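Chain residues, written in single-letter form:
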Amino acid sequence: MFPRSSNKPFQAAAMLRCGLKLDGELLALAAASHSGEDFHVAGVRAILASAGLTEDDLQCPPDYPLDEQASRAMITAGWQPDRLHMNCSGKHAAMLATCVAAGWPTQSYRDPGHPLQQEIRETISRLAGEPVAAIGVDGCGAPLMAISVTGLARAFRAVVLAEPGTAERAVADAMRAYPEWTSGTTRPERALMTAVPGLLLKSGAEGVEGFALADGRAGAFKTDDGAARGRAPVTVSLLRLLGAEAEPGTDSGAVAGLATSPVLGGGQAVGEIRAAILPG
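It should be emphasised that the depicted structure is a prediction, and the values quoted were computed from it without experimental measurement.

1. Quick word on the sheet that holds strand 4 (residues 208–212)
Taken in spatial order, the 3 strands line up as 3-4-5 in an open sheet, and their pairing is antiparallel. This sheet does not close on itself; its edge strands, each paired only once, are strand 3 (200–204) and strand 5 (218–222). On average, each strand axis in the sheet is tilted by 5° relative to the strand beside it, whichever way the strands run. Here 5 bridges tie strand 3 to strand 4, and the two strands are oriented antiparallel to one another. Paired with leucine 200 across the bridge in strand 4 is alanine 212.

Written out as structure tokens, the structure reads:
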């Protein structure tokens, strides 16, 4: 299956191995599906500027922010969709900056045969413990590497258990330290990573999720119909199954609230989506 944006931590690790010089919030942004909030857009500009590049060098499609408030503000102001606000612009900016650092061409950075994409393929295969099964095109236009659901879980386990000082561990640590940069201030991913100690988590389109705890307990799943509506309830159920609990003093109520998702009818809650983990 195609993990979609759940591959981003591994793509970012490959970029570091190729010479990308990012850390902290901006490294987290390189592995993000960001919400297009002001600080995300400023961060993308900073990554581009560090490599002497501009928004015009991005090859992701124009889009409105994922964040509803930010999107409404753009539309109200009469602004058109742009590449900076597209949720994958941090990854694309980092790919471009990697090419500049390595001395590779920037115009062809999305080509599967480009040295950067070859390194990303090798990194994903190594972390997943299996060869990349197919290469497609992601929604953002970058190459998309297919692995199994089990391989995705293995890869998340590998990055959290990587030795300090490695590219993989640097990405995991940055994402865990700055979860609002990998998603957004109001996203379920941020709430879970803030509340559960040591949790690394990255969602992908078409109902994909991959995660790992600091001790290497890991999981991944893909919903058959590709819908995202059950993603948070399933993730919370799997974390509970693994014995992961929210840190005392954090917003554990927010995590409990993600265990179910309301089904609306006529503007009222008429049911709920919840996960049922079956034995065997």
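Having seen the model, we can carry on.
2. Quick notes on the nonpolar core
By size, the foremost hydrophobic cluster in this structure holds 77 residues, and its most contacted members are Phe10, Leu48, Leu58, Val171, Leu192, Leu199 and Leu200. Apart from residues no more than four positions distant in its own chain, leucine 200 is found in contact with Phe156, Val159, Val160, Ala172, Met175, Arg176, Met193, Gly210, Phe211 and Ala212.

3. Some points on helix 3 (residues 38–50)
With 13 residues, helix 3 extends 18 Å from end C-alpha to end C-alpha; this agrees with the ideal 18 Å at 1.5 Å per step. The set of residues buried in helix 3 consists of His40, Val41, Gly43, Val44, Ile47 and Leu48. Along the axis of helix 3, the buried positions cluster into a sector of 160°, meaning they face one direction only. Exposed residues pointing more than 90 degrees away from the buried face of helix 3 are listed as Asp38, Ala49 and Ser50. Buried positions along helix 3 lie against helix 2 (24–30), helix 5 (89–102) and helix 9 (179–182). In the segment just after helix 3, glycine 52 is the residue with positive phi, at about 75°.

4. Observations concerning the pattern of salt bridges
When charged atoms on two side chains of opposite charge get close, those side chains can pair. Inspection of every chain in the model, using the stated rule, returns 12 salt bridges. Close ionic contact of arginine 126 with glutamate 122 constitutes a salt bridge, the shortest N to O distance being 3.7 Å. Here glutamate 122 and arginine 126 lie together in helix 6 (residues 115–128), a separation of 4 residues that amounts to about one turn. One salt bridge in this structure joins glutamate 168 and arginine 126, with 3.0 Å as the shortest N-O distance. With glutamate 168 in helix 8 (residues 167–177) and arginine 126 in helix 6, this pair connects stretches of sequence that are 42 residues apart. On the basis of relative accessibility, which here comes to 4%, the residue glutamate 168 falls in the buried class. Looking at arginine 126, the relative accessible area reads 37%, which means it is partly exposed. Each member of the salt-bridge network shares a partner with another, and the members are Arg17, Glu122, Arg126 and Glu168.

Conventions used here
Residues numbered from 1 in each chain as written. Predicted model: local features only at pLDDT ≥ 70, side-chain atom pairs only at ≥ 80, totals over all residues. Heavy atoms only, no water. Pairing = 2+ DSSP bridges. Helix = DSSP H or I, 4+ residues; strand = E, 2+ residues; numbered from the N terminus. Axes fitted to C-alpha atoms, helices over the stretch in contact; angles between N-to-C directions. Core = buried A, V, L, I, M, F, W, Y, C linked by side-chain atoms within 4.5 Å. Buried < 20%, exposed > 50% of the residue type's maximum accessible area, 1.4 Å probe, protein only. Contact = heavy atoms within 4.5 Å. Expected span 1.5 Å × (residues − 1). Arc of directions from axis to C-beta. Salt bridge = Lys/Arg side-chain N within 4 Å of Asp/Glu carboxyl O.

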